[in-house]
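Reading the structure
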2 protein chains.
Amino acid sequence: MMKPTFKILVQDNQSAARTGVINTAHGPIYTPAFAPVGSQGTVKALTHELVNQLGAQLVLVNAYHLFLRPGLEVIKKMKGVHNFISWPKAILSDSGGFQIYSLSPLTKVHEEGVSFASHLDGAKIFLTPQDVVEIQAILGSDIIMPLDYFTPYPSSYEQAKSATQKTSSWARESKEYFSSLNNNHQLLFGIGQGGTFSDLRQKSIEDLLELDFDGYALGGLGLGEPKSLFFEIVSQSTSSLPLEKPRYLMGVGYLEDIVEAVALGVDLFDCVLPTRNARNGTLFTSQGRLRLKRAQYATDERPIDENCQCYTCQHFSRAYLRHLFERSEITSAILNTIHNLYFYLDIFRKIRQAISSNSFLKFKEDFLKKSFKDKENEFA
Amino acid sequence: MMKPTFKILVQDNQSAARTGVINTAHGPIYTPAFAPVGSQGTVKALTHELVNQLGAQLVLVNAYHLFLRPGLEVIKKMKGVHNFISWPKAILSDSGGFQIYSLSPLTKVHEEGVSFASHLDGAKIFLTPQDVVEIQAILGSDIIMPLDYFTPYPSSYEQAKSATQKTSSWARESKEYFSSLNNNHQLLFGIGQGGTFSDLRQKSIEDLLELDFDGYALGGLGLGEPKSLFFEIVSQSTSSLPLEKPRYLMGVGYLEDIVEAVALGVDLFDCVLPTRNARNGTLFTSQGRLRLKRAQYATDERPIDENCQCYTCQHFSRAYLRHLFERSEITSAILNTIHNLYFYLDIFRKIRQAISSNSFLKFKEDFLKKSFKDKENEFA
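Cut-offs applied
- Residues numbered from 1 in each chain as written.
- Chains lettered and ligands numbered in written order.
- Predicted model: local features only at pLDDT ≥ 70, side-chain atom pairs only at ≥ 80, totals over all residues.
- Helix = DSSP H or I, 4+ residues; strand = E, 2+ residues; numbered from the N terminus.
- Rg over C-alpha atoms; globule rule 2.2 N^0.38 Å.
- Buried ≥ 20, exposed ≤ 12 C-beta atoms within 10 Å, placed from the backbone.
- Contact = placed C-beta atoms within 7 Å.
- Least-squares fit on C-alpha atoms with pLDDT ≥ 70 in both.
- Pairing = 2+ DSSP bridges.
- pLDDT = per-residue confidence, 0-100.
- Domains from an automatic or database assignment.
- Nonpolar A, V, L, I, M, F, W, Y, C, P; charged D, E, K, R; others polar.
- Expected span 1.5 Å × (residues − 1).
- Arc of directions from axis to C-beta.
- Core = buried A, V, L, I, M, F, W, Y, C linked by C-beta atoms within 7 Å.
- Axes fitted to C-alpha atoms, helices over the stretch in contact; angles between N-to-C directions.
- Parallel < 35°, antiparallel > 145°, perpendicular 65-115°, else oblique.
- Left-handed = near helix turned anticlockwise from the far one by under 90°.

**Here's the deal with the overall build of chain A**
Secondary structure summary: chain A contains 15 helices and 16 strands in total. Against the globule reference of 21 Å for 380 residues, chain A gives a C-alpha radius of gyration of 20 Å, in line with a compact fold. Overall size of chain A, expressed as C-alpha extent along the three principal axes, is 60 × 50 × 45 Å. Counting all 380 residues of chain A, 53% fall into the buried class. Of the contacts made within chain A by residues no fewer than 6 positions apart, 65% connect residues no fewer than 24 positions apart.

**Digging into the relation of the copies chain B and chain A**
With an RMSD of 0.0 Å, chain B superimposes on chain A once it is rotated by 180° and translated 0.0 Å along the axis. In the structure described here, the two chain copies are related by an operation that fits a two-fold rotation axis. For chain B, the minimum C-alpha distance to the rotation axis belongs to I330 of chain B and amounts to 3.6 Å. A share of 100% of the interface residues of chain B reappears at the interface of chain A, consistent with the copies meeting face to face through the same patch.

**A short note on the sheet that holds strand β8 (residues 114-117) of chain A**
All names here are of chain A. With antiparallel pairing, three strands are arranged side by side in an open sheet as β7-β8-β9. Looking along the sheet, the strands with just one partner apiece sit at the ends: β7 (108-109) and β9 (124-127). Pairing of β8 with β9, which is carried by four bridges, proceeds in the antiparallel orientation. Looking at β9, one finds that V114 is bridged to L127.

**What to know about the confidence of the model for chain A**
Note: predicted coordinates in regions of low pLDDT should not be interpreted at a detailed level. All names here are of chain A. Residues with a pLDDT of 70 or more make up 97% of chain A, whose mean pLDDT is 95. The model gives residues 373-380 a pLDDT under 50, and that stretch makes nine contacts with residues more than four places away or in other chains. Scored by ipTM, the complex comes to 0.97, with pTM at 0.97.

**Considering helix α13 (residues 318-326) of chain B**
For α13 of chain B, a buried count of eight out of nine residues is recorded, marking the element as mostly surrounded by other parts of the structure. Taken together, the buried positions of α13 of chain B are R318, A319, Y320, L321, R322, H323, L324 and F325 of chain B. On its buried face, α13 of chain B sits against α3 (72-77) and α4 (81-85) of chain A together with α14 (330-356) of chain B. With its phi angle positive at about 55°, S328 of chain B sits one or two positions after the end of α13 of chain B.

**Some details on the domain arrangement of chain A**
All names here are of chain A. Annotation of chain A at the domain level lists domain 1 (34-272) and domain 2 (278-361). Measuring from the centre of the C-alpha atoms in domain 1 to the corresponding centre in domain 2 gives 28 Å. Counting residues per element, the side of domain 1 that touches domain 2 draws most heavily on helix α10 (residues 255-263), which supplies four residues. Looking at the side of domain 1 that touches domain 2 residue by residue, the class counts come to eleven nonpolar, one polar and one charged.

**With respect to helix α8 (residues 198-211) of chain B**
Residues and elements named next belong to chain B. The end-to-end C-alpha distance of α8, which contains 14 residues, comes to 21 Å, matching closely the 20 Å that a straight helix rising 1.5 Å per residue would cover. Along α8, the residues classified as buried are L200, R201, S204, I205, D207 and L208. Along the axis of α8, the buried residues cluster in a sector spanning 160°; they form a single face. Facing away from the buried side of α8, by more than 90 degrees, are the exposed residues D199 and E206. Each element contacted by the buried residues of α8 is listed here: α7 (157-181), β11 (187-192), β12 (215-218) and α9 (227-240).

**What to know about the nonpolar core**
Membership of the largest hydrophobic core comes to 219 residues, with the highest contact counts inside it found for V59, F189 and L249 of chain A together with V59, F189 and L249 of chain B. Look past the residues within four positions of F189 of chain B in its chain and what remains in contact with it is I143, M145, F213, D214, G215, Y216, A217 and Y248 of chain B.

**Brief notes about the pairing of strand β3 (residues 27-31) of chain A**
All names here are of chain A. With five bridges joining them, strand β2 (residues 18-24) and β3 adopt antiparallel strand pairing. Bridging from a neighbouring strand, I22 pairs with I29 of β3. Where β2 hands over to β3, the hairpin turn is made up of two residues, counted between the paired strands.

**So, the interface of chain B and chain A**
Facing 34 residues of chain B, the contacting portion of chain A comprises 34 residues. Of the residues that constitute the side of chain B that touches chain A, the class distribution is 17 nonpolar, nine polar and eight charged.

**Quick notes on unusual backbone geometry**
Residue P154 of chain A is bonded to the preceding Y153 of chain A through a cis peptide linkage, with omega at -5°. The phi dihedral of K79 of chain B is positive, around 65°, even though this residue is not glycine. Turning to its location among the elements, K79 of chain B is positioned in the loop between α3 (72-77) and α4 (81-85). The phi dihedral of L106 of chain B falls on the positive side, at around 60°, and the residue is not glycine. Among the structural elements, L106 of chain B can be located in the loop between α5 (97-102) and β7 (108-109).

**Structural notes on the sheet that holds strand β8 (residues 114-117) of chain B**
Overall, antiparallel pairing links the three strands, which are arranged β7-β8-β9 (chain B) in an open sheet. The open sheet has two edge strands, β7 and β9 (124-127) of chain B, and neither has a second partner.

**Examining the packing of helix α8 (residues 198-211) of chain A against helix α9 (residues 227-240) of chain A**
Residue and element names in this part refer to chain A. Viewed as axis vectors pointing N to C, α8 and α9 meet at an angle of 30°, and their least axial separation amounts to 10 Å. By the angle between their directions, the pair α8 and α9 is classed as roughly parallel. Where α8 crosses over α9, the two elements pack in a sense that is right-handed. For the pair α8 and α9, the contacting residues are S198, R201, Q202 and I205 in the first and I233, Q236, S237 and S240 in the second. A breakdown of the residues in the contact of α8 with α9 according to their chemical character gives two nonpolar, five polar and one charged.

**Here we look at the environment of K245 of chain A**
Residues and elements named next belong to chain A. Its location among the elements puts K245 in the loop between α9 and β13 (247-249). Between the C-alpha atom of K245 and that of F6, which follows or precedes it by 239 residues, the distance is 6.7 Å. Sequence-distant contacts of K245, defined by excluding residues within four places in its chain, comprise F6, D214, G215 and Y216.

**A look at the environment of P28 of chain B**
All names here are of chain B. With respect to the element layout, P28 can be found in strand β3 (residues 27-31). Sequence separation between P28 and H82 is 54 residues; the distance between their C-alpha atoms is 15 Å. Residues contacting P28, with those up to four places away along its chain left out, are V21, I22 and N23.

**Some points on the environment of Y320 of chain B**
Here Y320 of chain B lies in helix α13. Judged by the 27 C-beta atoms lying within 10 Å of it, Y320 of chain B falls in the buried class. Setting aside residues no more than four positions away along its own chain, Y320 of chain B makes contact with F84, I85 and S86 of chain A.

Take a look at the structure:
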């Protein structure tokens, strides 16, 4: 198979935003792109057909979850994750480092890797950076991520420095092992860490650049650090990265942050926000966020968002959606997820259109002014 | 609006089976027909679009559930249940009597109606037969059911007799009240009771016939009575009913029972079996039942049923479906429900075709021989 390529299509002339395309063995990913999260091999509360109809170009699966269940033997016998889950488009697999540090008990970071207990049955597991690449080689996902190490916010400089060094050292081992596999159909991205410390972030990026990854991700962000600091780090990092490689901002999901990050040159995003919020009855609209549990919607005949073309908005009232949510109907999760994911993917279509027509800064300004000036408030 | 009509299309010449059509204000229901259960106004784990694509001609909603939540005020403001739930096809509403007797605490049956506490918040409620018609008049469903009273199996003759008398007396009050409403777009069915006692069943039917309902339902069956007794009662009851009115066997859901009941002249069925079993990981196939939890399916690349044309069988392996089920993914409920409901509705299509082509007895024989000889066993 041909090595997947990344090509920039339009470079915005007023910002670092760009449109591009990652040509994978499972179809193109036009960027900026959003990867719906399907940790266990499905986007929660949707069928693949719906995910596809909503316009997703790729989904994210989680190597940690799939390694635990159904396990590598099953995935091997089923000839890789695309065949196992029957999703024909691109798949990005996260290493699951985040889950190892956040979900698993007894996690300990060693020089050679990380030891932890399965959050499912307590089984003790030790994974090296090579193991994590190997797992994703077996998955066969189109884009794979190395094992990294991040510290929570806030962390001391010394903690962050040590974690960043480990991330760099593991990145080297991951890249060496990956190169030895000659898995030409897969892309391996490097992950920049460094906490909120500018010099550590810079060093982390430089370490990765020496290894020449297929793309570069920014990790350890969106953990509660001030927004100004967050954007400074993204800006500093992307401006140190080569233009010709895709950039991926991991786990950042607020649309107002995404739009700013696109302006700073980020190409790829993933987040559980639209799907998780949907299941919790919080819906994104062009006017702000709507919480279905509010009694005011009990007889509200309007759709969630009068400007939205999704199946849910074209057919169902807030009153019905509130009723389904209050009754904990599974259908509530389906209809809400359809809306939220359509809303996200539609914003990404508009972002790509705006960049293509050299009107992205205007789009961004309008978007932030209209939608999210009262981000923490709900509309009436 | 025109009064809905029932028309027999083909009368089988070897059995009491027939095809027909109930023309409702919300489209035709070709019979024999299966009503997927959507008690709260949605078929669990599906969108209406999917229910429609699977070939459902009507759905069943539950007046008791909708009366409790969202409540009649909401339904009134939303202009009836069709508009509230945005389902354009026919709706049959069950009175909810079964739920009052089985779900609610403190239920007491009086001469004038039934008192009970809401299973949701304990609120004390008293409903007369007139109230139950009134609730369903507000719902605006196409077919409505009166309040009835059944006794569990086994019950003494005296208990069953008393319950049957009450059912007859409430049927009269229901019919009188319904007639006074002049709700021409709705059909009111009578419900026959009588436990497992032949003379009580006969008397119950005769009482209903005097009142000239738009259709006749058989209630209080499938409660654990022997199969032979069950079929005797169905046979006796349908042969006492006028040919020109639709017959509805309430809550009976095993396909082998349905096929036999069709041969005895039943037109309409509803049951939670296909949808509930789907959520529990039990799938119906042309070879028998398949339980996804079994370890043998972990690497089974075959679809649930190789003869099935549903979305789930056309796209996904048993291995993947087992994984989703084991992980309690909502998508598991969706994909399993698509399969089971498709399987049911497809059998009904085949039943109608077989009757139309005067080959129903042959169909029934083949169906029972092939599929369910080992009803309680799973296939390998």
